[in-house]
Amino acid sequence: MEIADETTHACSSSQFFRPDVNEYLTSVFERAFPPELVTNVIQTLAEYLGKPPPLTTLRINTLLYSREEAIRLLEKLLSEQYQEKQISTPPVIPHPILVDTVIIPNDGPRKCLLHTKRVIVDLHCGLAVMRGADVFAPGVMAAPKCLQSGDLVSVFADMEGKCRRGLAADYEAQTLYVGNGIAVLSRIQLFGSKSANRGTAIKMVDPLYAAPSLNAELSDVVFIQNLPSIVASHVLDPQPGETILDMCASPGGKTTHIATLMRDKGCLIALDKTAPKIFKLKQNVERFRLSLVHCFIFDSTKALYKSANEFVPLIPTPPPYLPESFDRILLDAPCSALGQRPQPICSISQTELMSYPAYQRSLFEQAVGLLRPGGTLVYSTCTFNPEENEAQVAWALKSFPRLHLSNQVPFVGFPGLPGYGIDAEQLRMVQRFGPIQFFELLDLQQTAHCSANDNNALAKDTIAFFVAKFVKV
């Protein structure tokens with residue numbers, strides 16, 4: 001029987017990125033790295049993005065549960081889950097710095113035997129499986145004619161997005177193997193019913209990457225969240241009784257964290273542009289039983305009231321808002337998302353990639369206007385692209401003389417990359433997450449204590465992310 005693992009799908013950076021993006025990244029990274037290393041840097045990045053993080057991070061709802069209580073509940077749930085998969089149960093480890101956070105080691109890539117019956121799922125579903133999820137019916141695109149409930153199947157994600165839903169024949173386009181499971185639904189139940197089945201279609205018992213699958217369990221106890229996102233809310237340092245704005249809030253991980261740190265006391269305005277995003281945001285707010293969050297469908301590039309002479313109702317009414325209305329603002333800006341993991345191939349174009357900085361600046365201008373003197377503004381992205389990170393900090397400091405960078409607490413990542421307009425001291429005040437090899441290549445003194453083979457490095461092997469903290473004087 002054929003054995004599959006991650007090496008079957010390894011690709012070079014020229015295959016991972018589009019040619020125009022590969023050329024763009026080369027020009028961007030030549031400002032931080034010696035030219036002879038840039039090709040290696042981009043290849044390292046492609047390999048890094050193609051794998052899920054080695055840890056699952058969970059934030060605890062400390063309004064309702066202590067960390068000790070949450071750990072006990074998680075240990076019981078994981079013991080049941082992993083016994084079913086016949087995989088050793090991983091430990092639940094308190095994060096050494098973040099008191100509201102626990103980490104669970106993932107297991108993978110694992111060597112798995114391929115089964116004769118193969119199921120094709122869409123790429124979004126496949127990537128969720130790589131981070132611990134089972135396969136739900138809406139994600140299934142193709143299945144054998146003879147598929148019955150209880151069958152052992154191998155699951156592949158459609159890399160090209162060309163698979164026709166309901167396909168019974170072999171699918172010949174490029175796929176990504178994500179593991180093996182037991183079919184819960186037959187083919188007829190998946191595709192033959194007029195009413196779409198939305199339940200679990202395949203229980204993943206032998207995944208390529210074994211990670212916790214919470215689904216709706218412990219929904220008011222913990223929130224699965226990438227470590228840097230948890231860090232960003234702590235860096236904002238929200239306090240009870242303050243008036244705070246989350247400008248791009250969906251799906252609500254940071255919003256609910258900010259509200260929890262405020263002890264559900266004060267006023268937290270959460271904005272996003274579309275009704276589906278606000279619906280998801282409200283679901284998560286309700287899940288954590290929070291009362292101080294006020295959610296509005298609104299474009300945050302228009303959140304600042306242009307005329308102070310007109311009557312404006314007091315917060316928490318809908319936006320726009322008067323200048324200097326907020327004590328703290330989180331701008332987790334829309335970005336190229338070239339830090340999210342796993343992504344087995346990058347489809348973004350250079351044109352799209354280069355469009356984000358201008359949009360981020362329009363949001364940033366609104367944030368500065370809305371922030372009170374003495375207030376804190378945290379800017380963050382989930383991309384490694386320095387043009388959306390360090391270069392934006394340089395622009396902000398030049399454009400807004402009343403803004404100053406501030407030291408971050410906690411600081412559990414790496415300093416910024418040089419070459420994009422901010423000096424050595426400022427680089428130590430911004431916080432980056434990303435491939436550890438980047439910082440080893442630069443031989444930064446600040447990272448000398450962390451090699452790619454130690455436990456400290458494992459805790460830093462997250463999605464790529466960037467955090468900058470500003471104070472307005």
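Here, the structure is the one placed above.
Conventions we followed
Residues numbered from 1 in each chain as written. Predicted model: local features only at pLDDT ≥ 70, side-chain atom pairs only at ≥ 80, totals over all residues. Heavy atoms only, no water. Salt bridge = Lys/Arg side-chain N within 4 Å of Asp/Glu carboxyl O. Helix = DSSP H or I, 4+ residues; strand = E, 2+ residues; numbered from the N terminus. Buried < 20%, exposed > 50% of the residue type's maximum accessible area, 1.4 Å probe, protein only. Core = buried A, V, L, I, M, F, W, Y, C linked by side-chain atoms within 4.5 Å. Contact = heavy atoms within 4.5 Å.

1. Details of the pattern of salt bridges
Moving on, step 1. Under the counting rule described, the total for this entry stands at 17 salt bridges.
Moving on, step 2. We note a salt bridge from Arg110 to Asp107, for which the minimum N-O separation is 3.6 Å.
Moving on, step 3. Measuring nitrogen to oxygen at the nearest pair gives 3.0 Å for the salt bridge that ties Lys254 to Asp332. Here Asp332 lies in strand β16 (residues 326-332) and Lys254 lies in helix α8 (residues 253-261), a separation of 78 residues in the sequence. In this pair, the class of Lys254 matches that of Asp332, namely buried.
Moving on, step 4. Through salt bridges with shared partners, a single ionic network connects Asp107, Arg110 and Asp206.

2. A short note on the environment of Leu55
Moving on, step 1. Within the secondary structure, Leu55 is located in strand β2 (residues 55-60).
Moving on, step 2. The buried category is assigned to Leu55, whose relative accessible area is 10%.

3. Section: the nonpolar core
One broad rule of soluble globular proteins: the nonpolar side chains tend to lie buried together.
Moving on, step 1. The biggest cluster of nonpolar side chains holds 36 residues, and the ones touching the most others in it are Ile329, Leu331, Phe364, Leu377 and Phe470.
Moving on, step 2. For this core, the elements supplying multiple residues, two or more each, are β14 (267-272), β16, α10 (350-370), β17 (371-381), α11 (390-399), β18 (403-405) and β20 (465-472).
Moving on, step 3. Counting residues per element, this core draws most heavily on α10, at five residues.
Moving on, step 4. When neighbours within four sequence positions are excluded, Phe364 is seen to be in contact with Leu331, Leu377, Tyr379, Trp395, Ala396, Phe400, Leu403 and Phe470.
Moving on, step 5. Residues Cys112, Cys125, Leu190 and Leu208 belong to the second largest nonpolar core, which totals 35 residues.

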